[in-house]
Amino acid sequence: MVAMSKIATGNGHGENSPYFDGWKAYETNPFHPTERPEGVIQMGLAENQLCFNLIKNWLIKHPEASLCTPQGVNKFKETALFQDYHGMPEFRQAVAKFMGKVRGDRVKFDPDRIVMSGGATGAHEMVAFCLADPGEAFLVPTPYYPGFDRDLKWRTGVELVPVNCESYNNFKITRNALEAAYVKAQEANLRVKGLLITNPSNPLGTILDRDTLKSMVRFINDKNIHLIGDEIYAATVFMEPEFLSISEIIEEEDVECNRDLIHIVYSLSKDMGFPGFRVGIVYSYNDSVVSCARKMSSFGLVSSQTQHLIASMLSDDEFVDNFLTESKVLLFKRHKYFTWSLSQVGIGCLKGNSGLFIWMDLRKLLKEKTFAAEMELWRVIINEVKLNVSPGCSFHCEEPGWFRVCFANMDDHTMKVALLRIRTFVLKNNEAMVPLKLCRPSSLKLSLSRSLSRRMDDFMSPGIMSPHSPLPQSPLVRART
Amino acid sequence: MVSMSKIATGNGHGENSPYFDGWKAYETNPFHPIDRPDGVIQMGLAENQLCFEFIKKWLMEHPEASLCTAEGVNRFKETALFQDYHGMPKFRQAIAKFMGKVRGDRVKFDPDRIVMSGGATGAHEMVAFCLADPGEALLVPTPYYPGFDRDLRWRTGVELVPVICESSHNFQITRTAMEAAYGKAQEANLKVKGLLITNPSNPLGTIMDRETLKSIVQFINEKNIHLIGDEIYAATVFKDPEFVSISEVIQEVECNHDLIHIVYSLSKDMGFPGFRVGIVYSYNDAVVNCARKMSSYGLVSSQTQHLIATMLNDDDFVHNFIMESKEQLFKRHKYFTWSLSQVGIGSLKSNGGLFIWMDLRKLLKEKTFDAEMDLWRVIINEVKLNVSPGSSFHCHEPGWFRVCFANMEDNTMEVALSRIRNFILKNNESIVPRKLCRRSSLKLSLSRSLSRRMDDFMSPAGIMSPHSPLPQSPLVRART
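Reading the values: the criteria
Position numbers for residues start from 1 in each chain and track the written sequence from start to end. Going through the entries in the order they are written, you letter the chains from A and number the ligands from 1. With the structure being a predicted model, the display of local features is reserved for residues of pLDDT at least 70 and the display and counting of side-chain atom pairs for 80 or more, all residues being used for whole-chain, interface and lining totals. Values reported for side chains reflect all heavy atoms of the structure, with hydrogen atoms and water molecules removed beforehand. UniProt positions are given in the numbering used here, feature names are shortened, and annotations may be inferred rather than shown by experiment. Only runs of H or I of at least four residues qualify as helices and only runs of E of at least two qualify as strands under DSSP, and these elements are numbered from the N terminus. Accessible area is worked out with a 1.4 Å probe on protein chains only. A residue is then buried under 20% of its type maximum, exposed over 50%, and partly exposed in between. Between any two strands, at least two bridges found by DSSP are needed for them to pair. Here, the term right-handed applies to a crossover whose path from the first strand over the helix to the second runs clockwise when the strands point away from the viewer. Interaxial angle, 0 to 180 degrees, is taken between N-to-C directions of lines fitted to C-alpha atoms, where a helix line uses only the stretch in contact. These descriptions rest on fixed angle ranges, namely under 35 degrees for roughly parallel, over 145 for roughly antiparallel, 65 to 115 for roughly perpendicular, and the rest for oblique. Note: crossing handedness is left-handed where the near helix turns anticlockwise from the far helix by less than a right angle, and right-handed where it turns clockwise. Any two residues whose heavy atoms approach within 4.5 Å are treated as being in contact. For this scheme, ten residues count as nonpolar: Ala, Val, Leu, Ile, Met, Phe, Trp, Tyr, Cys and Pro. Four count as charged, namely Asp, Glu, Lys and Arg, and the remainder, Gly too, count as polar.

A.B. asks: Tell me about the UniProt feature "domain: Aminotransferase class I/classII large" (unreviewed entry) in chain B, and name the residues and values.
C.D. replies: Under the UniProt annotation, the feature "domain: Aminotransferase class I/classII large" (unreviewed entry) is placed at residues 41-420 of chain B. Secondary structure content for residues 41-420 of chain B is 41% helix and 15% strand, while the C-alpha to C-alpha distance between its ends is 12 Å.

Shown next as structure tokens:
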């Protein structure tokens with residue numbers, strides 16, 4: 001028997017959760033429009049697939065962005081040899097500029113504070129290594145991205161303490177919740193080193209308002225702990241209200257903040273749809289953290305070939321402006337159609353304006369208000385409805401019945417198939433359907449199938465609002481007349 | 001005052017060593033043939049710059065290797081979205097095939113054991129995280145690559161215990177040295193989890209012979225500890241004897257394969273350090289599994305996976321590249337060592353790597369590391385060459401320097417050699433010991449010998465680079 005490390009033999013990789021079982025159903029029988037039309041549709045992966053044509057057009061017009069074209073090959077050697085952990089200046093400048101544009105140029109980012117990492121995955125681990133010792137803790141508002149359990153804890157030995165957010169106030173992060181979590185950590189003898197927020201939120205698809213952000217900044221300054229803002233979904237805000245970044249809040253006049261406590265994690269995986277390219281970024285206002293992170297970045301630098309491509313692409317102001325606009329429009333339309341269609345069968349979700357997913361409310365479909373019932377419902381959704389969605393418990397949600405459903409990782413046809421399956425499932429399980437108060441347009445006697453066959457064109461005007469949840473009229477409760 | 005981690009505020013990043021000061025001289029005044037002809041020449045970076053023309057030609061002939069060409073753009077989307085930590089199958093197949101070819105197809109590598117990492121830097125850290133707990137130790141033969149101190153220890157908390165290798169044995173790793181190191185670790189209450197060897201060696205440029213490798217395999221099996229073989233320089237073996245890999249030896253001897261792991265990369269063999277193609281290859285299923293999960297922190301960019309897969313799946317290209325590379329390295333190494341010998345400077349006899357292990361022991365004022373640093377400062381500030389002092393490699397004996405020769409053009413190398421020659425001449429009257437020149441025309445003046453054209457070195461038959469140390473070298477009493 002050969003000995004490995006405790007880290008290797010333990011469960012810190014996080015893959016033993018029941019959550020992963022659902023993926024197996026997908027992997028053994030993945031949907032394909034022609035080859036496997038009965039397969040499981042993947043709605044558990046937060047990918048942004050909507051803008052690739054725009055990108056491909058740009059690539060064909062810009063052969064110099066590649067090291068392998070006649071126009072670019074003369075840079076091949078110097079690029080292949082470039083391993084400086086400072087990163088290519090043009091890469092850092094392009095990323096800084098992009099980050100500024102995503103925030104409406106309301107703030108400017110300093111290219112010299114841009115540090116590379118192995119995707120956002122590597123960025124989070126790197127920040128944890130810089131800020132906390134083994135056994136120390138970060139506070140993280142729930143519900144949160146499951147990957148944090150691995151990224152922040154596995155090899156670092158850092159602990160995570162949840163800040164409980166509740167549905168009654170739309171999962172807002174309150175000062176009380178922050179204080180309560182801080183105290184809980186202290187009671188468990190855990191020294192809190194920082195607070196990690198994800199804004200826009202995964203899985204909620206919402207953004208933090210100004211007051212909440214200010215309250216958080218005050219909190220971390222009061223406690224003298226770090227604030228890590230994961231803004232990986234910043235460019236996916238497709239509708240009002242406008243995104244407000246940590247970087248903006250700390251500039252506001254009435255906000256007092258020690259900048260040495262402020263750090264942003266970013267990536268191109270969601271905003272651009274490039275998860276394969278592993279472009280992770282740590283941006284810190286703290287010089288020592290920049291310095292340390294830069295040295296650590298050796299463990300996960302961005303491929304210089306990719307730095308070159310990204311630098312070319314994001315330095316093109318026109319492309320960036322068009323991309324950001326186009327991306328928002330497509331996300332808006334997709335989101336609107338999706339949420340409206342769900343509402344037509346009485347399924348509501350948290351009102352969101354960002355992200356690549358919705359936070360669907362299926363609390364009324366639970367046999368009982370437990371996580372066991374949530375898992376049962378989930379298994380039904382996977383095995384009968386044949387959709388891989390993500391149960392709220394995997395995001396450490398305090399309340400059962402919520403599911404994250406991704407909508408930007410598929411083409412229009414696949415989305416229609418998914419919606420059809422949902423409709424069919426709901427119909428099969430309920431006779432009394434389509435509560436009259438649900439439909440906003442005046443033609444209230446639309447049959448269910450006709451409402452769902454509305455063309456997506458109908459959604460071009462921002463007129464129709466997706467209903468919020470929960471809906472008192474939804475299927476499984478006594479219908480009101 | 002805001003609080004950071006101990007890891008962040010400590011010195012584990014290793015950049016506070018005096019070694020880094022020398023780099024500043026280079027960075028403030030780097031050599032450029034036209035813009036800065038008096039600048040410091042970089043001979044401290046083990047890069048392989050000799051084969052880029054070859055590679056560029058292939059790129060022009062294979063537009064499908066890029067995601068941005070008309071021929072390749074239809075794969076852009078699926079590639080940009082591909083983040084599976086298993087890695088692209090064609091990438092793993094191409095790497096496995098390449099690794100086999102580099103070993104003369106004497107072994108076959110299984111693509112399913114190939115795990116990605118953030119360069120060899122990330123690979124080493126990942127292996128340490130998989131095999132050892134904080135406070136446990138790995139044995140490492142000296143002299144070794146300075147980056148190991150950071151890669152294996154900084155964030156992992158793992159310790160390194162040196163296995164002392166001496167010039168008297170040509171720095172070979174002996175059983176006695178390994179046992180001594182193991183004993184020392186135990187005395188320090190450190191649990192030894194593994195032995196890390198670099199073969200071909202950095203900084204020595206030598207390869208391990210079969211007997212040594214077998215002895216190492218025996219040792220680790222007896223102690224039931226892991227063996228990590230860093231074979232990052234495998235394809236840089238430019239002359240006999242042929243490279244013998246761990247992967248070959250374990251097929252010849254009794255060995256628990258669960259103890260065997262190889263670290264690899266394309267940074268040295270292909271000259272692609274910027275592309276961050278790190279590889280961990282383990283014969284242990286649990287390690288492969290764990291490493292694969294950890295690879296999320298440092299996956300190879302899918303754009304780069306696609307390029308490398310296309311390139312290395314081209315058998316003709318690979319075959320020709322390996323041959324071309326060896327030939328270029330051979331010629332460069334030969335000319336360089338011969339030129340040095342002409343001024344009485346010897347080096348360890350080597351047949352691999354991108355550097356030589358230069359013997360300047362006779363130039364030391366005294367046999368101390370202080371004297372080595374003094375000499376080093378002279379080399380940087382007066383001779384204006386950035387070479388790497390042996391102490392930075394934890395060499396046990398002062399006076400050795402690693403000098404890289406594959407990271408520059410022919411012109412630059414001539415300039416470097418000319419500077420060395422001038423320095424030696426300036427410091428010593430009687431030079432060019434007769435016994436040094438092998439060829440019959442012994443009365444060649446120094447300048448004429450050094451102006452021999454590099455063409456003279458095309459035939460591998462004739463001239464041998466002298467070994468070191470040379471009793472006749474400058475600063476000792478000349479023998480007649």
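A.B. asks: Describe in detail the pairing of strand 10 (residues 355-359) of chain B, supporting the description with residues and values.
C.D. replies: Residues and elements named next belong to chain B. For strand 10, a buried count of 5 out of 5 residues is recorded, marking the element as mostly surrounded by other parts of the structure. Inspection of the sheet shows strand 9 (residues 346-347) paired to strand 10 by 2 bridges, in the antiparallel sense. Residue pairing for strand 10: Gly346 is matched across the bridge by Asp359. Both strand 10 and strand 13 (residues 400-404) contribute to a ladder of 5 bridges, which runs antiparallel. Residue pairing in the sheet places Met358 in a bridge with Phe401 of strand 13.

A.B. asks: Describe the pairing of strand 5 (residues 192-198) of chain A, and please don't skip the residues or the numbers.
C.D. replies: All names here are of chain A. In terms of burial, strand 5 is a largely internal element, 7 of the 7 residues being buried. Examined bridge by bridge, strand 3 (residues 137-141) and strand 5 share 3 bridges and lie parallel to one another. In the strand pairing of strand 5, Phe138 is matched with Gly194. As paired strands, strand 5 and strand 6 (residues 226-230) are joined by 5 bridges and run parallel to one another. Counted as the bridge partner of Ile197 is Gly229 from strand 6. Following the backbone out of strand 5, through helix 9 (residues 210-223) and into the adjacent parallel strand 6, one traces a crossover that is right-handed.

A.B. asks: Give me the packing of helix 13 (residues 315-342) of chain B against helix 15 (residues 410-427) of chain B: which residues, what numbers.
C.D. replies: Residue and element names in this part refer to chain B. Two elements in contact, helix 13 and helix 15, have axes whose closest approach is 10 Å; the angle formed by their N-to-C orientations is 15°. With respect to each other, helix 13 and helix 15 are oriented roughly parallel. As helix 13 runs across helix 15, the sense of the crossing is right-handed. Touching Arg332, Tyr335, Phe336, Ser339 and Leu340 of helix 13 are Asp410, Met413, Glu414, Leu417 and Ile420, all from helix 15. Split by residue class, the contact of helix 13 with helix 15 holds 6 nonpolar, 1 polar and 3 charged.

A.B. asks: I'd like to hear about the sheet that holds strand 10 (residues 357-361) of chain A, residue by residue, with values.
C.D. replies: Residue and element names in this part refer to chain A. Taken together, the 4 strands give an open sheet; going across it, the order is 9-10-13-12, and neighbouring strands pair in antiparallel fashion. The outermost strands of the open sheet, each flanked by one partner alone, are strand 9 (348-349) and strand 12 (390-391). Examined bridge by bridge, strand 9 and strand 10 share 2 bridges and lie antiparallel to one another. Note that in strand 10 the partner of Cys349 across the bridge is Met360. Lying on the sheet, helix 13 (residues 317-344) is in contact with strand 9, strand 10 and strand 13 (402-406); it crosses strand 10 at an angle near 15°.

A.B. asks: With reference to specific residues and values, describe the sheet that holds strand 3 (residues 137-141) of chain B.
C.D. replies: Residue and element names in this part refer to chain B. With mixed pairing, 7 strands are arranged side by side in an open sheet as 2-8-7-6-5-3-4. In the strand order of this sheet, the two ends are held by strand 2 (114-118) and strand 4 (159-163), each with one partner. Each strand axis lies, on average, 25° off the axis of its neighbour in the sheet, ignoring direction. The pairing of strand 2 with strand 8 (residues 277-282) spans 5 bridges and is classified as antiparallel. Bridging from a neighbouring strand, Ile114 pairs with Tyr281 of strand 8.

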